[in-house]
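Tertiary structure, described
These are the residues of each chain, in order.
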Amino acid sequence: MADMVELTIDGIKVRAPKGTTVLEAAREMGIVIPTLCYYPGLTPYGACRLCIVELIRGKRSSLDASCTLPVSDGMVVFTNSERVKKVRKVILELLLSTCPNSKVLQDMAANMGVTKVRFKIKDRGCILCGLCVRYCKEQMQSGGIGFVGRGTSRKVGTPFEMTPAECRNCNGCEWICPVCMRACRAGQLVEGICGGCLNVAVVETCPVCVKCSESVGPEGHRAYGK
Amino acid sequence: MATGIVREVDLKALEKIFRGFEGKGESILIPLVQAIQAEYGFLPKEALVKASHHFRIPLSRFYGVVTFYAQFYLTPRGKHTIRCCRGTACHVRGAAKVIETVEQELGLKEGETSEDLSFSFETVACLGACALAPVVVLDERYYGQMNPEKVRVLVRQYKGASIQESSIGEENNGKAD
Amino acid sequence: MARQISSPIELKTYAEEVCKKKERWEMVIAVCGGTGCSAFGSYDVRSAFTKEVEKLSLSDRVLVKMTGCHGFCEKGPVTIIYPWQYTYVSIKPEDVPEVIEKTIIKKELVDRLLYRDPVTKQRIKHNNEIPFYAHQKRLVFQHNGHLDPTSIDDYISVGGYQALAKALFEMTPEQVLVEVEKSGLRGRGGAGFPTGRKWRFCRNSPGSEKYIICNGDEGDPGAFMDRSVMEGNPHSVIEGMIIGAYAIGATKGFVYVRAEYPIAVKYTRLAIEQAHQYGLLGENILGSGFSFDIEVREGAGAFVCGEETALIASIEGKRGMPRPRPPFPAVSGLWGKPTNINNVETWANVPLIINKGADWFASIGTAESKGTKTFSLVGKINNTGIVEVPLGITLREIIYDIGGGISGGRKFKAVQTGGPSGGCIPEWLLDTPVDYERLTELGSMMGSGGMIVMDEGTCMIDVARYFMKFLSEESCGKCVPCREGIDRALDILTDITEGKGRKEDISLLEELGEVLKDGSLCGLGRTAANPVLSTIKYFRNEYEAHINEKKCPAGVCKALITFSIDEEKCKSCGKCAKVCPTKAASGKKKEPYKIDKEKCIKCGLCRESCKFGAVIVS
């Protein structure tokens, strides 16, 4: 049995094996944390930042990506606090503004109640989650594709824009992409939202209580106990 | 494909460079690429492909690194390199106007090289010579406290000089007032 | 020449030997070789001195040498003549024969080359009496004005490597660590993490192979202190690193220098080589049994590599992408081994602490911030240059007493500290003492020490926009808040400067700022909003003027200003027409000139050229 640590997630004390991440521990409990750049079996990357959680340290708290945050003893984490939701929504807005035609993103928007994008739409057709790059390197042991450039001009590409010798034509990069294969087919965008999947209801993502938004905060989980 | 056709002699130089980096793992990548660039003035595609084969590091790793850092070039460089600082100190002392003037004078945007390979023009995040703001570095020489007027004279001097050197009849550009 | 020094006693005797050798020089002419002075022609000055000294056969009595940066870049080239410390400023090769004749031979002063106090109009003889130097406390830079950075002997002659000998032979690693902890030294790279505590983390991490790194990737625009240390006194950094390695138990060190500093790279390499020759680096240092080696790695032009984990990635030969912490480098750093990173100035402080003791060091500065800090004082200020001051000094003292106030008699508006991670501090907060906590409270930060002074002619929205532009290019592009958030903030700010700002933009920027702070992966993103948030906080009215009235109060944003000529002030000199690149300014003799608004590209050349202040920007 691996070493276990005890931590508190959304007011519930849980034990998790040392070396796992907060995301894994929370999902184990059935808590839904949205992710884009995380994929079981690939190295956590911490790039999309949608999986941020609030970490309480005494009187202060900070936000951190749960997919790269290792569990530790006595840790107190809230996965869906007001602060988390606020930041998460803006991050989603930013993602939508770079990739409005992703069905995955539009569904998330419906889920989280993001009804409009306030930023300039610059459709880059890629959210740089890096799943394809990691898949290529880690699962296919290939390293045919990689990141090119930096900052806003960073993209996924092949060296000198030619098919690299390492490529095995596995198509894994396309398969794993949350954007390419799963493009949103809805009609026009209104303020960055496609509106094509209105059937997706807004659900609060905590299975423990009915409305997390009102109950969770640094002071504790009202639905439980207090 | 068109860029960086390596002459036969170059490959020899490459092997000599490789020798210095044998058996040290992937951490050699940046110093190796720096050494290649020091040899050729830029990074010819063929040289990178050869390095990738030689050291058995995927070419995508090389390409990723080369495009990440500002100091690596995949296309040949001009004979003269003019670098304008756009650091904060330079910015508040009017670097934008200096940069604009250079762009006008050379007909180049930042990061470009003139077709005849006489000039490369780049801007740098900070040259670390802030007391001289705004700073322009032309071929390793620092020119401080520049303004549009001064930089125009400077560029024209070099332009004139490089025209004379390549012994083309039309000069006059060099005469700056 | 080169010799292996194999014990502390030998080091002492050698130091005495070197000192004795130096005594034969009756006079030393120290010409500043810093970047500023060399751009003003100090190399020519040095050659002129050497030539003149040889010509008059003085070379056995007078030594001409090139030193590191003296700091007073504004008045370069600076030359100091020892033993009297006569300081000549803005000296030219033509002045050299006169200096030799008068000062060196006749021991007289050349009055016109002395610094003239702008207030009292008095000529000042010695550097330490010039207000620029008088208000400083130079410890890290104490030897910069007279050491030849390429000579290890010079460094040894002023007590160099004595701290190393003391640490290795009189102290245990634990004692060294305790001394650094007690001194209260904090990281000089920006965040101000206690150095001793950082060292202890690394020391306590399991593993026999450990690394230390000197972060010389001074990327903050407007900062060049570390450059001056590396170019002026590289051995002090090397010595600090060896002591640190001894305390931490590291076997190998790296100095990561940004490629924009070729001289720093050259001198650091040379210093390492010399230290090797003397047995101060490598196997069995000074015969103590402790072994440690240093390698120089050149950066390749990426601001983000100043971030610890990105720097490590870069040394490993990868793209300089930051990675999440934990694990911290102290636990898993370079090649997965425990690694300790400090910046150049931090390392250079270490020998001072070991030599003079933690108590001495802790007596300088404030309760939480000890010692001195170097700043590069630049922008619209009279005395630009490098300054070193005790922490706790007020911004006003730095800007007015040392910096001599704002240039051109204009009004102060803000001072920007902390580089792209910092903020702009307005006039009414100038009496704030400079330490880590106070600057953070103001929404700025200490940063590595760039201090950029701005006057009334600086538009704060333009400054915020400038930093967003910088960061959008320098962001590694990994995490969404930083890559897209900065880019969108730049869009919004660009709109505002172009007169397309909307009322809700300010609150949107604030919201975006919070997301950057909370959501980004590394320090670059987490502090990226500071320039925006601090300017909104202190200069909100300027934002409102841009958005509501479509006006740029500072007269900078091109879309919001027009140029015209005040007919009463215009003397019809024609200067504006001469400099105007588009011939927008024109006129006839004896009549006031006019600016054609259609043709005007708002370059501002006419305003700069007009001696009568007749060009109005509105």
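Analysis parameters
- Residues numbered from 1 in each chain as written.
- Chains lettered and ligands numbered in written order.
- Predicted model: local features only at pLDDT ≥ 70, side-chain atom pairs only at ≥ 80, totals over all residues.
- Heavy atoms only, no water.
- Helix = DSSP H or I, 4+ residues; strand = E, 2+ residues; numbered from the N terminus.
- Rg over C-alpha atoms; globule rule 2.2 N^0.38 Å.
- Buried < 20%, exposed > 50% of the residue type's maximum accessible area, 1.4 Å probe, protein only.
- Contact = heavy atoms within 4.5 Å.
- Lys, Arg positive; Asp, Glu negative; His and termini not counted.
- Charge placed at Lys NZ, Arg CZ, Asp CG, Glu CD.
- Phe/Tyr/Trp six-rings, centres within 6.5 Å; stacked < 30°, edge-to-face > 60°.
- Pairing = 2+ DSSP bridges.
- Axes fitted to C-alpha atoms, helices over the stretch in contact; angles between N-to-C directions.
- Salt bridge = Lys/Arg side-chain N within 4 Å of Asp/Glu carboxyl O.
- Polar contact = N/O pair within 3.5 Å; in protein donor to acceptor, adjacent residues only side chain to side chain.
- Nonpolar A, V, L, I, M, F, W, Y, C, P; charged D, E, K, R; others polar.
- pLDDT = per-residue confidence, 0-100.
- Buried area = accessible area lost by both parts, 1.4 Å probe.
- Parallel < 35°, antiparallel > 145°, perpendicular 65-115°, else oblique.
- Expected span 1.5 Å × (residues − 1).

Describing the overall build of chain C
When helices and strands are counted, chain C shows 25 helices and 19 strands. Whereas a compact globule of 618 residues would reach a radius of gyration of roughly 25 Å, chain C reaches 26 Å, a difference of no more than 12%. Sorting the 618 residues of chain C into buried and exposed places 63% on the buried side. Pairs at least 24 residues apart make up 70% of the contacts formed inside chain C by residues separated by at least 6 positions. In chain C, the 81 positive side-chain charges and the 78 negative ones have mean positions that sit 4 Å from each other.

Here we look at the packing of aromatic side chains
All names here are of chain C. Under the defined criterion, the tally for this structure stands at 25 aromatic pairs over all chains. Ring centres of tyrosine 14 and tyrosine 278 lie 5.6 Å apart, and the angle between their planes is 65°; on these two criteria the pair is classed as edge-to-face. In this pair, tyrosine 14 is assigned in helix 1 (residues 8–23) and tyrosine 278 in the loop between helix 12 (262–277) and strand 9 (293–298), connecting sequence segments 264 residues apart. In this structure, tyrosine 14 and tyrosine 278 share a single accessibility class: buried.

Some thoughts on the sheet that holds strand 9 of chain C
All names here are of chain C. Taken together, four strands build an open sheet; the order of strands is 9-8-7-10 and the sheet is parallel. The open sheet terminates on both sides in strands that have one partner only, identified here as strand 9 and strand 10 (339–343). Sheet twist, expressed as the average angle between the axes of neighbouring strands with direction ignored, equals 20°. Taken together, the six bridges between strand 7 (residues 211–216) and strand 8 (residues 252–257) define a ladder with parallel strand orientation. Each bridged residue has a counterpart across the sheet, and for isoleucine 212 the counterpart in strand 8 is glycine 253.

Quick word on the pattern of salt bridges
As enumerated under the stated definition, the model contains 60 salt bridges over all chains in all. In this structure, Glu511(C) and Arg118(A) form a salt bridge, with 2.9 Å as the shortest nitrogen-oxygen distance. Taken together, the residues span two chains, with Glu511(C) in helix 20 (residues 505–519) and Arg118(A) in the loop between helix 3 (103–112) and helix 4 (131–139). Using a relative accessible area of 23% as the deciding quantity, one classes Glu511(C) as partly exposed. With a closest N to O distance of 2.8 Å, Lys413(C) and Glu542(C) form a salt bridge. Taken together, the positions of Lys413(C) in strand 13 (residues 412–417) and Glu542(C) in helix 23 (residues 540–548) put the pair 129 residues apart, joining distant regions of the chain. You'll find Lys413(C) and Glu542(C) in the same group, each marked buried. One continuous salt-bridge network, built from bridges that share partners, spans Lys122(A), Arg124(A), Arg483(C), Glu484(C), Asp487(C), Arg488(C) and Asp491(C).

Overview of the pairing of strand 3 (residues 119–124) of chain B
Residue and element names in this part refer to chain B. Along strand 3, six of the six residues are buried, which leaves the element largely enclosed by surrounding structure. Of the two faces of strand 3, the one holding Phe119, Phe121 and Thr123 and the one holding Ser120, Glu122 and Val124 are both buried throughout. Here strand 1 (residues 80–85) pairs with strand 3 via six bridges, running parallel. When the sheet's bridge partners are listed, threonine 81 is paired in strand 3 with serine 120. Where strand 2 (residues 112–113) lies against strand 3, two bridges are found, and the strand directions are antiparallel. If you follow threonine 113 over to strand 3, its bridge partner there is serine 120. Counting the residues that bridge the hairpin from strand 2 to strand 3 gives five residues, and of these leucine 117 lies at a positive phi of roughly 55°.

Overview of the interface of chain C and chain A
In many reports, interface size means the accessible area that the parts give up when they come together. Contacts between chain C and chain A engage 35 residues on the former and 31 residues on the latter. Here chain C is connected to chain A by eight salt bridges. At the junction of chain C and chain A, the tally comes to 22 residue pairs in polar contact (both at pLDDT 80 or more). Those elements that provide at least two residues to the side of chain C that touches chain A are helix 18 (460–474), helix 19 (480–497) and helix 20 of chain C. Of the residues forming the side of chain C that touches chain A, the biggest block, ten residues, is contributed by helix 19 of chain C. Across the side of chain C that touches chain A, the residue classes tally to 13 nonpolar, seven polar and 15 charged.

Let's talk about the confidence of the model for chain B
All names here are of chain B. Residues with a pLDDT of 70 or more make up 85% of chain B, whose mean pLDDT is 83. Model confidence for chain B, summarised as mean pLDDT per element, is weakest for helix 1 (residues 8–19) at 78 and strongest for helix 4 (residues 59–68) at 94. Every residue in residues 1–9 is under pLDDT 50, and counting partners more than four places away or in other chains gives nine contacts.

Regarding the interface of chain B and chain C
Residue-level contacts link 36 residues of chain B with 56 residues of chain C. The largest contributions to the chain B side of the interface with chain C come from Phe68(B), Thr88(B) and Val92(B), which together make up 17% of the buried area. Counting every contact that joins chain B to chain C gives two salt bridges. Of the charged contacts in the structure, one is a salt bridge between Glu100(B) and Lys558(C), with a shortest N-O distance of 3.4 Å. Taken together, chain B and chain C are joined by 25 residue pairs in polar contact (both at pLDDT 80 or more). Elements with a contribution of two residues or more to the side of chain B that touches chain C: helix 2 (29–40), helix 4, helix 5 (88–92) and helix 6 (95–106) of chain B. When residues of the side of chain B that touches chain C are assigned to their parent elements, the largest contribution, five residues, is made by helix 4 of chain B. Classifying every residue of the side of chain B that touches chain C gives 20 nonpolar, ten polar and six charged.

What about the packing of helix 19 of chain C against helix 23 of chain C?
Residues and elements named next belong to chain C. Where helix 19 contacts helix 23, the axes come no closer than 8 Å and their chain directions differ by 70°. By the angle between their directions, the pair helix 19 and helix 23 is classed as roughly perpendicular. On helix 23, the residues touching Leu493, Ile496 and Thr497 of helix 19 are Tyr543, His546 and Ile547. Grouping the amino acids of the contact of helix 19 with helix 23 by side-chain chemistry returns four nonpolar, two polar and no charged.

Remarks on the sheet that holds strand 4 (residues 60–65) of chain A
Residues and elements named next belong to chain A. The mixed open sheet is built from five strands, whose spatial order is 2-1-5-3-4. The open sheet has two edge strands with one neighbour each: strand 2 (12–17) and strand 4. Going from strand to strand, the sheet's axes swing by 35° on average, the running direction of each strand aside.

Some remarks on helix 11 (residues 234–248) of chain C
All names here are of chain C. If you check helix 11, its first and last C-alpha atoms are 21 Å apart, about what 15 residues at 1.5 Å a residue would give, namely 21 Å. Most of helix 11 is tucked away, with 15 of its 15 residues classed as buried. Two residues or fewer past helix 11, glycine 249 is found with a positive phi of approximately 90°.

Observations concerning unusual backbone geometry
Excluding glycine, residues mostly have negative phi values, and the peptide bonds linking residues are mostly trans. Cis geometry is found at the peptide bond from Ala133(B) to Pro134(B), where omega equals -15°. Tracing the sequence through the fold places Pro134(B) in the loop between strand 3 and strand 4 (136–138). The omega torsion of the bond from Gly76(C) to Pro77(C) falls at -10°, within 30 degrees of zero and hence cis. Residues other than glycine seldom take positive phi values, yet Lys583(C) does so here, at roughly 60°. Within the fold, Lys583(C) resides in the loop between helix 24 (575–579) and strand 17 (585–586).

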